[in-house]
Amino acid sequence: MTEAQPVAGVPRRLLWSRAEVVSLRDDTPRVRSLTLAVADWPGHLAGQHVDVRLTAEDGYQAQRSYSIASPPEAPLLELTVETISDGEVSPYLTGELRPGDIFELRGPIGGYFVWSERQPGPLVLIGGGSGVVPLMAMLRHRAIAGPTQPALLVYSSRNWDEIIYRDELERLAAADPSLRIVHTLTRAQPQGWQGFRRRVDKAMLEELGVPALASPNLFICGPTPMVETAAQASVELGIDAARIKTERFGPSGG
Amino acid sequence: MTEPPISRGFRSRKPQTEQRDRVPPGQYLTTDFPVLSAGPTPSISVDNWSFALQLGGSLLAKWNWTEFQALPQTDLKTDIHCVTKWSKLDTQWRGVSFDTLLEAAGLSEAPTEYTMLHCDGGYTTNVPVADLKDGMGMVATQYDGLPLAPSHGGPARMLVPHLYFWKSAKWVRRLRFIEKDEAGFWESLGYHIYGDPWREQRYTGD
């Protein structure tokens, strides 16, 4: 390969595009999804993210990264944003933004934490809080592509009302016998809750049959302590570390 | 390039501090230390740890943990900048500088102009020699006066603080001199081949 001969798949330069807000949806009290029309969107893979850039009247700019929630097949781009209370960008996106507003983004970014239905092996997704967002892009892609492999989502939320995409996840699972969705509620549980009520741990993954899966693809996304615990537990349960992909959300951000 | 659209109602919430000139474009300051890695944190005992210098496939020098700790140590207070947008000021590190490693290996100068860093877990990243020598890069084993935690790259990580922090590879085990610059792990997945935060070289072609 020489520089004079461009090859398919060589990444092009990522330019800032204008995204217009088409609609907004409140997922939980602290989480809002933005549906965007992006000029010249080049397409993406499930699991990738974008950089968002806001510009104030005085020229001040701020950038943050957000995971893409929509599957590659969707005509519009969806971002799901959690409000960080002392944050700079997220309160604007979840509180101030209205349909018709325009801001800049560029992407897609990240070619590692990605999954496509063509990837062989069962899919295991472990998400905590808004870490479920890139995993949702994978589940939506899977539903559209037509599932050929079993999938498991283990999703840790603080309480029932903070489960993002709760109804849609229920519909996805109801429509697909090869998809299993397991919630764990770590802080408060509705009356009569029969499910898990602790953080994701080794015993939970064992009970859910993760070690028995042959050559699974694991994607773990959430706050750092959850990701560290779940990734470590998966390795201890005999999963090849090379099959475990992680995205960690630091406590900072905004 | 056309003017960026004004985001109606958006204002900076962060106070403009005198540290503003230490924060590269598109970055924001954080006081904690976020963890970002592509896979599980490897658990590495210092008993089985070693660090090697290689030229292509041949070994130039190798130190076990005890030998490495006996090399002259360098303290460095520096700012760090992650491509995911956070910057952290005045971080305190201790380790062995690239210059010291060359000297301990009996090399008067680096045998090539480029390096590839190899880590436990298979991660790689490329750094030019010019960005390591003259005190610019080190293999760090302590952060803030304590042994480096595994999630932050312990027992040892590269530290090249003037480039985006993915170049400061965690769990580093080998520095391989190479003739031509090559893309490492993130560099072949759309991230910039060099990664200067002050020129905002985040992604390929920036």
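Residues numbered from 1 in each chain as written. Chains lettered and ligands numbered in written order. Predicted model: local features only at pLDDT ≥ 70, side-chain atom pairs only at ≥ 80, totals over all residues. Heavy atoms only, no water.

A. Spatial organisation of the overall build of chain A. Along chain A, the regular secondary structure elements total 5 helices and 11 strands. Taking 18 Å as the expected radius of gyration for a compact globule of 254 residues, we find that chain A reaches 19 Å, a close match to that expectation. In terms of principal-axis extent, the alpha carbons of chain A reach across some 55 × 55 × 35 Å. For chain A, restricting intrachain contacts to residue pairs at least 6 apart in sequence, the fraction spanning at least 24 positions comes to 71%. (Helix = DSSP H or I, 4+ residues; strand = E, 2+ residues; numbered from the N terminus. Rg over C-alpha atoms; globule rule 2.2 N^0.38 Å. Contact = heavy atoms within 4.5 Å.)

B. Structural view of the pairing of strand β4 (residues 74–81) of chain B. Residues and elements named next belong to chain B. As paired elements, β4 and strand β5 (residues 86–97) share 7 bridges and run antiparallel to each other. Bridge pairing links Lys77 to Gln92 in β5. A loop of 4 residues connects β4 with β5, the two strands running antiparallel in sequence, and Lys85 in this loop sits at a positive phi of about 100°. (Pairing = 2+ DSSP bridges.)

C. Quick peek at the interface of chain A and chain B. At the interface, 51 residues of chain A touch 41 residues of chain B. Around 3800 Å² of area is buried between chain A and chain B when both sides are counted, 53% of it from carbon and sulfur atoms. If you look at where chain A meets chain B, you find 4 salt bridges. Residue Arg8 of chain B pairs with Asp101 of chain A through a salt bridge whose shortest N-O separation is 2.4 Å. On the surface where chain A and chain B come into contact, there are 18 residue pairs in polar contact (both at pLDDT 80 or more). Elements with a contribution of two residues or more to the side of chain A that touches chain B: β3 (49–55), β4 (61–67), α1 (90–96), β6 (102–109), α5 (224–236) and β11 (244–249) of chain A. (Buried area = accessible area lost by both parts, 1.4 Å probe. Salt bridge = Lys/Arg side-chain N within 4 Å of Asp/Glu carboxyl O. Polar contact = N/O pair within 3.5 Å; in protein donor to acceptor, adjacent residues only side chain to side chain.)

D. Looking closely at the domain arrangement of chain A. Residues and elements named next belong to chain A. Looking at the assigned domains, one finds that chain A contains domain 1 (17–109) and domain 2 (123–249). Just the C-alpha atoms count here: the centres of domain 1 and domain 2 sit 24 Å apart. Contact with domain 1, which involves 19 residues of that partner, is made by 15 residues of domain 2. Both sides together, the interface formed by domain 1 and domain 2 hides about 1400 Å², and carbon and sulfur atoms give 58% of it. Remark: the boundary between domain 1 and domain 2 carries 2 salt bridges. Notably, a salt bridge pairs Glu78 with Arg140, separated by 3.0 Å at the nearest N-O pair. Broken down by secondary-structure element, the contributors of at least two residues to the side of domain 1 that touches domain 2 are β1 (17–28), β2 (31–38) and β5 (77–82). (Domains from an automatic or database assignment.)

E. Region of interest: the side chain of Asp206 of chain B. Within the element layout of this structure, Asp206 of chain B appears in the segment after β11 (172–178). Residue Asp206 of chain B is classed as buried on the basis of its relative accessible area of 18%. At 2.8 Å, the side chain of Asp206 of chain B forms a polar contact with the backbone nitrogen of Tyr203 of chain B. Ignoring sequence-local partners within four residues, the contact set of Asp206 of chain B consists of Arg13, Leu14 and Arg106 of chain A together with His192, Glu200 and Gln201 of chain B. (Buried < 20%, exposed > 50% of the residue type's maximum accessible area, 1.4 Å probe, protein only.)

F. Inspection of the pattern of salt bridges at higher detail. Residue and element names in this part refer to chain A. Per the stated rule, a full pass over the model turns up 25 salt bridges over all chains. Close ionic contact of Arg30 with Glu162 constitutes a salt bridge, the shortest N to O distance being 3.1 Å. Of this pair, Arg30 sits in the loop between β1 and β2 while Glu162 sits in the loop between β8 (151–157) and α3 (166–175), and the two are 132 residues apart along the sequence. In this structure Arg30 comes out as partly exposed when scored by relative accessible area, which is 29%. A residue is classified by how much of its surface remains accessible, and Glu162, at 22% relative accessible area, is partly exposed. Each of Arg25, Asp27, Glu78, Arg140 and Glu168 takes part in a single network of salt bridges with overlapping partners.

G. The sheet that holds strand β10 (residues 217–223) of chain A, seen in detail. All names here are of chain A. Taken together, the 5 strands give an open sheet; going across it, the order is β9-β8-β7-β10-β11, and neighbouring strands pair in parallel fashion. Both outer strands of the open sheet, β9 (179–185) and β11, are each paired with one neighbouring strand and no more. For this sheet, the mean inter-axis angle between neighbouring strands, taken without regard to orientation, is 10°. Direction of pairing for β8 relative to β9: parallel, over a ladder of 7 bridges. Opposite Ser157, over in β9, you have Leu185 as the bridge partner. On top of the sheet, α5 reaches β7 (123–128), β10 and β11; it is set at about 155° to β10, its chief contact. (Axes fitted to C-alpha atoms, helices over the stretch in contact; angles between N-to-C directions.)

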